[in-house]
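What follows is the residue order along each chain.
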Amino acid sequence: MAAQSRKEIMAADRRALAEARLAATPMPAASGWSATPRQEALSRLIDLGLPHRRDEYWKFTDPTTLSQPEPVKAATFDPQETLIFGGVDRLHLTFVDGVFDAEASDSLEGEGLEIARLSEAEAADIHWAQSLYGTLEARGQQPVARPLAALNTALASDGILIRATGKVSKPVHITYLHNAEASDAILHHVVKVEAGAELTLLENGPAAARFNKVLEVDVADTGAFHHIRAQGRDHERRAVSHIFARLGEESTFKSFTLTVNGVLTRNEAVIEFTGDDAVAHIAGACLGDGDFHHDDTVFITHDAVNCESRQVFKKVLRNGAKGVFQGKILVKEGAQKTDGYQISQSLLLDDDSQFLAKPELEIYADDVACSHGSTTGAIDEDALFYFLSRGIPRKEAQSLLVLAFVAEAIEEIENKDLAGELTERLAAWLQRHSG
Amino acid sequence: MLEIKSLHVKLEEEDKQILKGVDLTVETGKVHAIMGPNGSGKSTLSYVLSGREGYEVTEGSAVMEGADLLELETEERAAEGLFLAFQYPVEIPGVSNMTFLRTAVNAQRKARGQEEMSATDFLKEVRAKAKSLKIDAEMLKRPVNMGFSGGEKKRNEILQMAMLEPKMCILDETDSGLDVDAMKLVADGVNALRSEGRSFLVITHYQRLLDHIKPDVVHIMADGRIVKTGGPELALEVEHNGYADILAEMA
């Protein structure tokens, strides 16, 4: 028998990982409309196997703890941190260790809204989410495989299905809580923003010791979706999340993520423009200390005319923290007048921290304006001296400069009250972690 | 107010001596000017007094109202009442001028054991002072010095000085980059702050700023030392004859 090639060995390793993970995770009873997409996702997963370090898009981030059968343990709550977005007039939903908590949630009703739990809605024969569940995830598997997302579609134990039919004034706010040390939550949300409708989704909380989340978002023509999430209560948690979005004509998609703490966080966003004149902004800021590892991986596909995409990512790292950014703008043939912008920057507060960036542009249209940039730097000594010379103590001055550094990403949030709340959260974190 | 004795300073990285024995006494309530050609050490003196890194004091002392400046951190010197108006104020994106000023005012009050200023009181005061310096209220909301013209930056420095009410103000070539009108405005701001308990050290290349800020004493600095001291007439002499005569006299 001929010796196995390296490629074949890797593929076998990936499949073995997937089989071990599947064996350790309860398979939801599949009936109703979700049975087919779940089964298809399972096939994708078995074909792809689970990622490991030798894969191109995992070379900066070791996926072992996200892929292995058992979750690692994580402490459950940092009592110093209060709930973010608590003061906002919103429709509040709660998940505890990946299970929807109806008692701790508002009723699933809102003007211009249709909301259901995945675990309840999927038993029906037909549902509006049927055309989306697993569909955007499957489309997003090209050109890069995302097997952890396929795993999610196949195994998700719960999630929220949100359909906005008009301009929804109150944001929908999902809080994730984490009570069990070795919890392993797999949640899959689907959002459909109908033509002309508008929705804001807020998310926060650590969810579980290990969290795998997929958010599929379909924004129809002239619809608008705003997404703001804050993650970072428990430091030991491992989390991978995927956002798959498809944008119709003249639609808007804006997503911002703030991350503080976390041993391993991988946020992937896969955005596809299918209608002309649409806008997608995706931004993130993170502050990491010690064994923090944070990875933003973004793929934007322009397949329509005159669309604008912006990626703004800022990472502040110290005491050995590691940040990763991988971002690609793909402009397909015919996607003329594309305006693509991508910036990833890190502020390293000491010599032990590390930022790894892989910005990419792939352009097949000839009338586009695309730019990308990535920088790594330290605190500006001139600026620091200016602050000190005005009597501002060193730690406070550094905090102000750190906030100034991440401000460009936070400015991507349109709602200034929510942006202000996130800035306050960051300032509090800096105060607690100063020194 | 400020007593500098035999101050010797070298650049930390280059082993290059910049100040070679500066002796200077600024009395309380007085305005002293330091003039001198480029490279004479004027800006270095201002940086060393305010505690900028990169300089090593090899000899001498600098004492402000009994406080040994050289023993204090930069922010502590500011809290003691030392203020440096920068020649080139740094632009800081992401921090509003208002936040910066309020943080500075309250940090200094805290360091002195005073109560922090309330948001309302601060706003009232900063608006009044900005108005007198012809600073647009909108400018206060903008990031520190971002997109400001040269004149706006200098007026912003004077606004900070007015809000922080320091005892000892050092103006490092505040006239550079200013047109006549802007210079007059800045000088008026400084003059309004002159008081019996406050001293100034005005570092300048030219006489023209001193037309508006009348100094009590003028020093000429060259090659890291004060080489001549006199009254306001000394500045006029420099204006007419340049530094050559004075330097030749000293040689």
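Scroll up to find the structure this text is about.
Residues numbered from 1 in each chain as written. Chains lettered and ligands numbered in written order. Predicted model: local features only at pLDDT ≥ 70, side-chain atom pairs only at ≥ 80, totals over all residues. Heavy atoms only, no water.

Draft legend 1. Local environment of the sheet that holds strand β10 (residues 199-204) of chain B. Residue and element names in this part refer to chain B. Pairing is mixed across the open sheet formed by 6 strands, whose spatial order is β6-β9-β10-β3-β11-β12. Edge positions in the sheet fall to β6 (82-85) and β12 (225-230), since each has one partner strand and no second. Between one strand and the next, the sheet's axes are offset by a mean angle of 20°, whatever the strand orientation. Here helix α1 (residues 42-50) sits on the sheet in contact with β3 (31-35), β6, β9 (168-172), β10 and β11 (217-222), set at roughly 145° to β6. (Pairing = 2+ DSSP bridges. Helix = DSSP H or I, 4+ residues; strand = E, 2+ residues; numbered from the N terminus. Axes fitted to C-alpha atoms, helices over the stretch in contact; angles between N-to-C directions. Contact = heavy atoms within 4.5 Å.)

Draft legend 2. How the structure looks around the layout of surface pockets. The volume enclosed by the largest pocket comes to roughly 1300 Å³. Lining the largest pocket are 40 residues, with E396, L400 and L403 of chain A together with T99 and T103 of chain B positioned closest to its centre. Of all the secondary structure elements, the ones that give two or more residues to the lining of the largest pocket are α8 (394-410) and α9 (416-432) of chain A together with α2 (74-80), β7 (92-96), α3 (97-111) and α4 (119-132) of chain B. With 9 residues, the single largest contributor to the lining of the largest pocket is α8 of chain A. Among the residues making up the lining of the largest pocket, the classes are represented as 18 nonpolar, 11 polar and 11 charged. Within this model, the second largest pocket holds a volume of roughly 440 Å³. Around the second largest pocket, the lining is made up of 21 residues, and of these G51, R52, E53, T74 and R77 of chain B lie nearest the centre. Counting residues per element, the ones that place at least two in the lining of the second largest pocket are α7 (381-389) of chain A together with α1, β4 (55-64) and α2 of chain B. With 5 residues, the single largest contributor to the lining of the second largest pocket is α7 of chain A. Grouping the amino acids of the lining of the second largest pocket by side-chain chemistry returns 9 nonpolar, 3 polar and 9 charged. (1 Å grid on protein atoms, 1.4 Å probe; cavity = no way out; pocket = protein on both sides within 12 Å on 5 of 7 lines; lining within 4 Å. Points joined across faces, edges and corners; volume = space filled by probe spheres on them. Nonpolar A, V, L, I, M, F, W, Y, C, P; charged D, E, K, R; others polar.)

Draft legend 3. View of the pattern of salt bridges. Residues and elements named next belong to chain A. Within the structure shown, the criterion is met by 43 salt bridges over all chains. Put simply, R14 and D55 hold a salt bridge, and the shortest N to O gap is 2.4 Å. With R14 in helix α1 (residues 6-24) and D55 in the loop between α2 (35-48) and α3 (64-67), this pair connects stretches of sequence that are 41 residues apart. Accessibility classification places R14 together with D55 in one group, the buried group. (Salt bridge = Lys/Arg side-chain N within 4 Å of Asp/Glu carboxyl O. Buried < 20%, exposed > 50% of the residue type's maximum accessible area, 1.4 Å probe, protein only.)

Draft legend 4. Summary view of empty space enclosed by the protein. Residue and element names in this part refer to chain A. The full count for this structure, using the stated rule, is 3 cavities of 30 Å³ or more. Volume-wise, the largest cavity comes out at about 110 Å³. Contributing elements (two or more residues each) for the lining of the largest cavity: β8 (198-204), β9 (210-219), β10 (224-231), β11 (238-247) and β13 (264-273). For the lining of the largest cavity, the residue count by class is 6 nonpolar, 6 polar and 4 charged. Size it by volume and the second largest cavity reaches roughly 80 Å³. Contributions of two or more residues to the lining of the second largest cavity are made by β12 (252-260), β13, β14 (279-289) and β15 (293-302).

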